[in-house]
Structure formats: C-alpha cells, structure tokens
Amino acid sequence: MNKISRGRAYEVTGSLMLLVISLVFALILAEYIFRAVKEIQWRRASKHWQHELYAPLPDSPLEYELHREAVRENRIPDTGQTWQYRTNTHGFRGENFDPRDNRKRVLFIGDSYTFGWAVNQDEVLTEYVEQVLAQPPYGLEINAYNLGVPGYNTVQEYHLLNKVIEHYAADLVVLGYVMNDGEPQQNVPVRPSIRYKYVSSWLLAYIKDNLNHYIFNGDSILEAGINLNTKYLLAAKENGPKWAEGRQAFTDMVALCHSRGIPFLVVIHPDYTKPFGDRYPYRMIHEEVSSWADEQQVTVVDMLQHIKDNKNYNVEGDGHPNGRAFSETAQVIAPLIYGYLEGSAP
C-alpha cells in the first residue's frame, strides 16, 4: 500500500470513528433530554393534579397517601347506590387512632379491599374483625387499624408498613393480598423513574411502546419493558421484574415484622367478579403467594378455599367485596388473630 492509499485509509477510518463517536454522543444527549423532559412533565402534572382522596408524594416511594380528615359520599353510577368514607387525622379510614388506648393493635395493610371501597364504615373488614373478637367465644376487644390505601401494590404496602410499624406499636400485622397487587399504581401521575425502572434506555423503550401502539395495534411485538399495568395472570406467568419486586417486598415485610417479634398473617382475597371453581382464572396467583408465605413460614388464609362461589359477594355495579364477603372473612381469620394475640397461635 503506497503512502497515498495508506493516508486515505487513515482518513476514512478517522471519519468513521468520528461518525460513531458523534452518533453515540447524540444518542446519549437525546436520552438525557428525553429523561429531563419526562421528569419536567411529571413534576408539572403532579403539581396541578388534585383529587378528593389521594395526595401525591412526589419524592416518596409511597407515591401518594390519603388526605387527612376527608369526607365524601360516593355514588355507584350503574345502580345509584351511595356509600361514604371518612379518613382520620392520620390519613386512614375510620375513627382517630388513640395512642392512650391499651387494647392490642392489629395493623391491616392492603389496598382498596382493605380500605373497604364501595362499602360504608360499618361493613369494612376491620369493623367485622373487631365485632367478632369482642363476642363469645373470644371476648377480646382490640384496635384493628385500617391502613388500606386504594391502588397500593405490594411494594408501596411495604414502604407504608416500614413507616408506621414503630409508631403504632403493632401486636400483629395482617396483609390483604389482592390479584392486582403486582401491578403499578394508577391513582396519581407515575414518576418516570418508576415507569422506566426496568429499562436502560427510556427513549428506546418509549419508541418501542409507541410502535406497538400505533403500528402493531397494541400488540407487544417489540419488548418495551416499561412498567405498565398488564393482565394479572400474564405478569405472574412471566415472572418478570415487577413480579419479582413484589415478591421481594413481601419478603421484606415479613422480615420487618419478625425482626421486631411481631407475627404476620396473610389473607388472600379472590377476585369476586370472576367465576369460582374450575373456571376461576387467577388460581396460579393464589398458589404463588401461598408459596411465598410458606417459604417465610407465615400463616396464610386463602379465602378462595372458604368461599365456594362469588354470588352476592361483591358490590353490585362496582365489583369490590361487599359486607357479606368481609363478614365471612372476619369469621375465618378471627380464631387466628385471637391465637396470635393471646399466645396460642399455630
């Protein structure tokens, strides 16, 4: 190769290297700008976002909490039925918590099922548990604190428990697990760092997601990896990162309680809008969560084993469990709660 040819080769190589470096720099810059824009859009949306029940927490892993001392009457559109909720000074449903009350305290952690969405205060699970335990054969008066927050998933529930467990001096923690607890919340604007937590490039994931939506008619032809709500059973079968994250949060809750000598009870609530028996679609989720509890050596109550059909167990026009479902759940878990509090647990 003569000097002219060698010089030409060096020039072409140098140009290609410069092109590659420029392209990489441009992609990095585009990624940085995209992330900054998404963060600004989210901050702006959170600042102006308002809701009668949910208060955004932009810099907290909880993402949001309930407004304190909120009172609202709700109407179910399909039936016209009304129901009311009231939150206390702590931002949870029910009467104010009295730290001077020496009765034993049971913390109920969960989402809209634990909160008692679409039922009045006298029909929520915690109310029934207190009533059942106060009557024979138990005769035990307790404080059942309803810490349910509609829309929370298992990760948020862990962070909530970690925040309150010392303050409320719990004698027992009861986790209510629901079929969508592995999914991201949808009640307040989702922070981009949460939505894109499972991908290395937000921009590439955004492009893939839009191609799926606009080119492939919503089918997930391209794996975007964005933390979005999916079909509950699909997430469990895939055993992807959000399912694994939920499992880790479950494990962390158990460890949090055990490190303080606090017993932990799991109640799995079925989807009362689905047919029970062989046609019930979410049995795999029940089995998976039960296996988590077995591994952590904590007691689990699967209400699918106790309620044989879904007739007359959900609020008409809404789908959430009704008072009958919560009353029967209280009857099933009351002996276990009594055992834990009185030192005769299994």
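The sections below set out a description of the structure shown in this document.

So, how was this worked out
Residues numbered from 1 in each chain as written. Predicted model: local features only at pLDDT ≥ 70, side-chain atom pairs only at ≥ 80, totals over all residues. Heavy atoms only, no water. Helix = DSSP H or I, 4+ residues; strand = E, 2+ residues; numbered from the N terminus. Buried < 20%, exposed > 50% of the residue type's maximum accessible area, 1.4 Å probe, protein only. Contact = heavy atoms within 4.5 Å. Areas by Shrake-Rupley, 256 points an atom, 1.4 Å probe, with all protein chains shown as cover. Core = buried A, V, L, I, M, F, W, Y, C linked by side-chain atoms within 4.5 Å. Phe/Tyr/Trp six-rings, centres within 6.5 Å; stacked < 30°, edge-to-face > 60°. Pairing = 2+ DSSP bridges. Axes fitted to C-alpha atoms, helices over the stretch in contact; angles between N-to-C directions. Salt bridge = Lys/Arg side-chain N within 4 Å of Asp/Glu carboxyl O. Right-handed = clockwise from strand over helix to strand, strands pointing away. Expected span 1.5 Å × (residues − 1). Arc of directions from axis to C-beta. Parallel < 35°, antiparallel > 145°, perpendicular 65-115°, else oblique. Left-handed = near helix turned anticlockwise from the far one by under 90°.

What about the overall build of the chain?
- Looking only at helices and strands, one finds 10 helices and 9 strands in the chain.
- Principal axes of the C-alpha set define a box for the chain whose edges measure 105 × 45 × 40 Å.
- Considering the chain as a whole, with its 346 residues, one finds that 45% of them fall into the buried category.
- Restricting the contact set of the chain to residue pairs at least 6 apart, pairs at least 24 apart contribute 70%.
- Split by element, the accessible area of the chain, about 18200 Å² in all, is 51% carbon and sulfur.

Comments concerning the nonpolar core
- Counting residues in hydrophobic clusters, the biggest one holds 87 residues, and the most contacted among them are L147, F264 and I337.
- Setting aside residues no more than four positions away along its own chain, L147 makes contact with F92, F97, L107, F108, I109, G110, L160, V164 and Y168.

Section: unusual backbone geometry
- Here the amide bond leading from P136 into P137 is cis, since omega sits at 10°, within 30 degrees of zero.
- Structurally, the position occupied by P137 is in the loop between α3 (125-134) and β6 (142-146).
- We note that E63 has phi near 75°; this positive angle belongs to a residue other than glycine.
- Given a relative accessible area of 10%, E63 falls into the buried group.
- In this model, N312 sits at a positive phi of 65°, which is unusual for a non-glycine residue.
- With respect to the element layout, N312 can be found in the loop between β9 (299-302) and α10 (323-342).

A word on the packing of aromatic side chains
- Under the counting rule described, the total for this entry stands at 23 aromatic pairs.
- Taking the centre distance of 5.4 Å and the plane angle of 85° together, the rings of F97 and Y168 count as edge-to-face. Placement of the pair is F97 in the loop between β4 (82-86) and β5 (104-109) and Y168 in the loop between α4 (154-164) and β7 (172-177), with a sequence separation of 71 residues.
- When its relative accessible area of 10% is taken as the criterion, F97 is described as buried.
- Judged by relative accessible area, Y168 falls into the buried class, the value being 5%.
- With a centroid separation of 5.2 Å and 15° between ring planes, the pair formed by Y196 and W202 is classed as stacked.

Considering the sheet that holds β7
- An order of β6-β5-β7-β8-β9 is seen for the 5 strands of this open sheet, with the pairing classed as parallel. The open sheet is flanked by β6 and β9, the only strands paired with a single partner. Looking at each pair of strands side by side, their axes are set apart by 20° on average, direction ignored.
- Note that β7 and strand β8 (residues 264-268) share 5 bridges and pair parallel. Residue pairing across strands places V174 opposite L265, the latter belonging to β8.
- Helix-sheet contacts for α3 involve β5 and β6, and the interaxial angle to β6 is about 170°.
- Where helix α8 (residues 241-258) meets the sheet, it contacts β7 and β8, and its direction lies at approximately 145° from that of β8.

A closer look at the pattern of salt bridges
- Scanning the model with the defined rule gives 16 salt bridges in all.
- For E31, the salt bridge identified is with R35, shortest N-O distance 2.7 Å. Taken together, the residues span about one helical turn, with E31 and R35 both in helix α1 (residues 3-48) at a distance of 4 residues.
- A salt bridge links R72 to E52, with the shortest nitrogen-to-oxygen separation between them at 3.5 Å. Highlighted residues: R72 in strand β3 (residues 71-75) and E52 in the loop between α1 and β1 (54-56), separated in sequence by 20 residues.
- Here the salt bridges do not stand alone but share partners, grouping E39, R43, D59 and R191 into one network.

Section: the pairing of β8
- Summarising burial for β8: 5 of the 5 residues are buried, a large majority.
- Here β8 shows no split at all, with F264, V266 and I268 on one side and L265 and V267 on the other all buried.
- Bridge analysis of β8 against β9 gives 4 bridges, and the strand direction is parallel. Within β9, the position partnered with V267 by the bridge is V301.
- Following the chain from β8 across helix α9 (residues 283-295) to the adjacent parallel β9, one finds a crossover that is right-handed.

Quick notes on α8
- Between its first and last C-alpha atoms α8 spans 25 Å; for 18 residues at 1.5 Å apiece the expected length is 26 Å, and the two agree.
- By the burial criterion, the buried members of α8 are K242, W243, G246, A249, F250, M253, V254, L256 and C257. Looking down the long axis of α8, one finds its buried residues gathered within 160° of arc, a one-sided arrangement.

A few points about the packing of α4 against α8
- Packing of α4 against α8 leaves a shortest axis separation of 8 Å and a crossing angle of 20°. As the angle between them shows, α4 and α8 are arranged roughly parallel. α8 is crossed by α4, and the crossing has left-handed handedness. Only E245, G246, A249, F250, D252, M253, L256 and C257 of α8 make contact with α4, whose side of the interface consists of T154, V155, E157, Y158, L161 and N162.

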